[in-house]
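Breakdown of the fold
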Amino acid sequence: MRGRPKAGLTTENGAAPAGRRVHIVQGAYEVTRDPQVVLTTLLGSCVAACVHDPVAEIGGMNHFLLPDAEGAGDSADVRYGVHSMELLINGILQLGGRRERLRVWLFGGAKLFDRLVDIGAKNAAFAEQFVRREELIPMGGSLGGLKARRIQFWPVAGRPRQLLLKQAEPGLTAPPVLDSRPPRVQPGSAVELF
Amino acid sequence: MPAAKNISVIVADDQASMRSLIRNSLEQIGFADIREARDGEECLKGVIARPANLVISDFNMPNLDGIGLLRAIRMHPPTSKIAFIMLTGRADIELLKQAKEYGVNNYVVKPFTVAGLRERIEAVFGRLS
């Protein structure tokens, strides 16, 4: 993710159509209190954070990639991840969320290609460290592995679902094919699989 | 040419990760006297207890936001001359107009680079050694 996010949408007002899906592309985020909204994204080595305040019934999702993840790595790449997380969290706080109540699921960070540097692992490590450092409530999720993921998140209910894809995500390689094998989910995670 | 190591800074941001990034960037520029505050209120107490030469503050913070902090610093004679750089998530014209009205010295749009931060600080203090 270089430069500013493509969208920082907040669907605060107005009823959405039933089950309205909002797709989060790389570099974007969405925060909402609309119970009809389902946030979706497609992840390879990128990471998405699904954040939820159960009391205020507000939630959101982002989708980011540390832009310099193939390099030697210093704070230059981390700042984009920090910025992406800050935009998401601030969006929730602005709708009435409270930082100490924020629960976070992390997804993505797969290793899709044979490279010396595991970009996905670096993204995943950053995301986990961020959650620890900011003292957010970790709810698990699913990080790492070799497969792309399709994620759905009901931000008001705080309910994530994951589908592991057999092949890398579209835009990276071929269209996704359903994988019949059970995905690996972090212990204790309240992730629903589909 | 002022030496960065002689300029005392206090960084106000409610995110520990962002404070750490700013501290790291300032250290790369050459700053040594760096304090941190978790919100505007803590920062205000900090500069009243021991004045700083520069405040770098986020806009969105609990208790006292960046604009509130700027106003309070400018209204308190012992701190009114402290240089103030505002961090914003986006170049919000209305916010910047408001900040300018209260005497902000410069602003930095996130995500920033070390070179970009240095440039904004040097615009206030002159070229740093």
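Read on for a plain summary of the structure. (Residues numbered from 1 in each chain as written. Chains lettered and ligands numbered in written order. Predicted model: local features only at pLDDT ≥ 70, side-chain atom pairs only at ≥ 80, totals over all residues.)

1. Some remarks on helix α5 (residues 114-125) of chain B
In this model, α5 of chain B (12 residues) spans 16 Å end to end at C-alpha, consistent with the 16 Å of a helix rising 1.5 Å per residue. Positive phi appears at G126 of chain B, one or two residues downstream of α5 of chain B, with a value of about 95 degrees. (Helix = DSSP H or I, 4+ residues; strand = E, 2+ residues; numbered from the N terminus. Expected span 1.5 Å × (residues − 1).)

2. Here's the deal with unusual backbone geometry
With an omega dihedral of -5 degrees, the bond running from K110 of chain B to P111 of chain B counts as a cis peptide bond. Within the secondary structure layout, P111 of chain B lies in the loop between β5 (106-109) and α5. Positioned with a positive phi, E57 of chain A is a non-glycine residue whose angle comes to about 55 degrees. The phi angle at N63 of chain B is positive, at roughly 65 degrees, despite the residue not being glycine. Within the fold, N63 of chain B resides in the loop between β3 (54-58) and α3 (66-75). We classify N63 of chain B as partly exposed; it has 14 C-beta atoms within 10 Å. (Buried ≥ 20, exposed ≤ 12 C-beta atoms within 10 Å, placed from the backbone.)

3. A word on the interface of chain B and chain A
Listed by partner, the interface residues are 11 residues for chain B and 13 residues for chain A. Considering only residue class, the side of chain B that touches chain A consists of four nonpolar, five polar and two charged. (Contact = placed C-beta atoms within 7 Å. Nonpolar A, V, L, I, M, F, W, Y, C, P; charged D, E, K, R; others polar.)

4. A word on the packing of helix α2 (residues 40-49) of chain B against α3 of chain B
All names here are of chain B. The N-to-C vectors of α2 and α3 enclose an angle of 20 degrees; their axes lie 9 Å apart at closest approach. Taken as axis vectors, α2 and α3 run roughly parallel relative to one another. As for how α2 packs across α3, the hand of that crossing is right-handed. Contact residues: α2 offers G40, C43, L44 and V47, while α3 offers G66, G68, L69, A72 and I73. Here the residues of the contact of α2 with α3 are counted per class, giving six nonpolar, three polar and no charged. (Axes fitted to C-alpha atoms, helices over the stretch in contact; angles between N-to-C directions. Parallel < 35°, antiparallel > 145°, perpendicular 65-115°, else oblique. Left-handed = near helix turned anticlockwise from the far one by under 90°.)

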